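# Secondary and tertiary structure notes
In case you want the letters, here they are:
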Amino acid sequence: MKRNHYSFARRLAAGSTALRLCRVALGVMVLGATVACTTTTQRTTNTQPVTRNSSPSSMSELRIADTALDSGNMEVATTIYDRIVQADPHSVAGLTGLGNTLYAVGDFTRAGVYYQRASLIDPTNTAPLIGLARVAIHQRRFSDAISTYQRILTLAPGDPLASAGLGAALDLSGDHAGAQVALRAALKINPGDPVLSSNLGLSLILGGDPRDGANVLLDVTRYPQAPPQARQDLALAYGLLGNTEAAAEILGRDLPKASVQDNLRYYEIQRQRLLQQPVSSASSSKVAAVPAQSVQAASLR
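Because the structure is a prediction, the values reported are computed rather than measured.

This part is about the pattern of salt bridges. Evaluation of the coordinates by the stated rule reveals eight salt bridges. In this structure, Arg-83 and Glu-61 form a salt bridge, with 2.9 Å as the shortest nitrogen-oxygen distance. Within this pair, whereas Arg-83 is found in helix α3 (residues 74-87), its partner Glu-61 is found in helix α2 (residues 56-71), the two being separated by 22 residues in sequence. Relative accessible area serves as the criterion here: at 41%, Arg-83 is assigned to the partly exposed category. The partner of Asp-144 in a salt bridge is Arg-141, with the nearest N and O atoms 2.7 Å apart. The class of Asp-144 is partly exposed, set by a relative accessible area of 33%.

Structure below.
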């Protein structure tokens, strides 16, 4: 049963939340872009057993609730998860599901309460821990997110979701070198993972190395199933390198013309800033952050 919760967490954490927050930190205005699942080529299975007090009836209800959650029907999902928790207050899957529905509608504080309750019941279950890490990132408690992802990796070494989240949290905290070490190590265990590769490319860009970032992202985007986020990151790299035509062509695949122009203007501002850096600091220059409220982004779902 936890497979569905894990899939939902993977879509929101690795495929949208962490990467979207990286873009907020960058100030890239992906106006009108739809954030979709970027992990359809690789499903992650949680191998932990079903909670011992789960009955066939509750398992069936959980499957229905998970399906409703995945399809965006929050009212149905919330009703079923709530019924499960009322019948069994110690249902980790039910509590985590309630956390996921609250997270999906932006109630991060209450989502964290449910994730914490679930984690206290079963400290070795990674699903509520993923939720806690996602909430910490949204609340900009990056050190908490980092420690939580590290805890998950002790429970599930090499897990691609936790590794991608750890890399994003390290990037958001400003430790780009640490993020790249973590992501490269994860890619050795999960070669070709598109989310890990996309995060690595973005980390290189965030760390002031758009050329290497572009090279990584080119490997990701050459596949038809490449996530839109990877293409937008590649456009950012090209923009910082001064290849405006290539950046515009890539952005035009996913964004309306006005949004393309907004992005290109931002790229040029950042490119000029990087060019004005002293030569001695060129290798350590970073892409500047802008206030999050100035970024108009699509829903995180």
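The subject of this paragraph is the packing of α3 against helix α4 (residues 92-104). Packing of α3 against α4 brings their axes to within 8 Å, and their N-to-C directions diverge by 150 degrees. By the angle between their axes, α3 is roughly antiparallel relative to α4. As for the relative orientation of α3 and α4, their crossing is left-handed in sense. Between α3 and α4, the residues in contact are Met-74, Ala-77, Thr-78, Tyr-81, Asp-82, Ile-84 and Val-85 and Ala-93, Gly-94, Leu-95, Gly-97, Leu-98, Thr-101 and Ala-104, respectively. For the contact of α3 with α4, the residue count by class is nine nonpolar, four polar and one charged.

Rules used in this analysis
- Residues numbered from 1 in each chain as written.
- Predicted model: local features only at pLDDT ≥ 70, side-chain atom pairs only at ≥ 80, totals over all residues.
- Heavy atoms only, no water.
- Salt bridge = Lys/Arg side-chain N within 4 Å of Asp/Glu carboxyl O.
- Helix = DSSP H or I, 4+ residues; strand = E, 2+ residues; numbered from the N terminus.
- Buried < 20%, exposed > 50% of the residue type's maximum accessible area, 1.4 Å probe, protein only.
- Axes fitted to C-alpha atoms, helices over the stretch in contact; angles between N-to-C directions.
- Parallel < 35°, antiparallel > 145°, perpendicular 65-115°, else oblique.
- Left-handed = near helix turned anticlockwise from the far one by under 90°.
- Contact = heavy atoms within 4.5 Å.
- Nonpolar A, V, L, I, M, F, W, Y, C, P; charged D, E, K, R; others polar.

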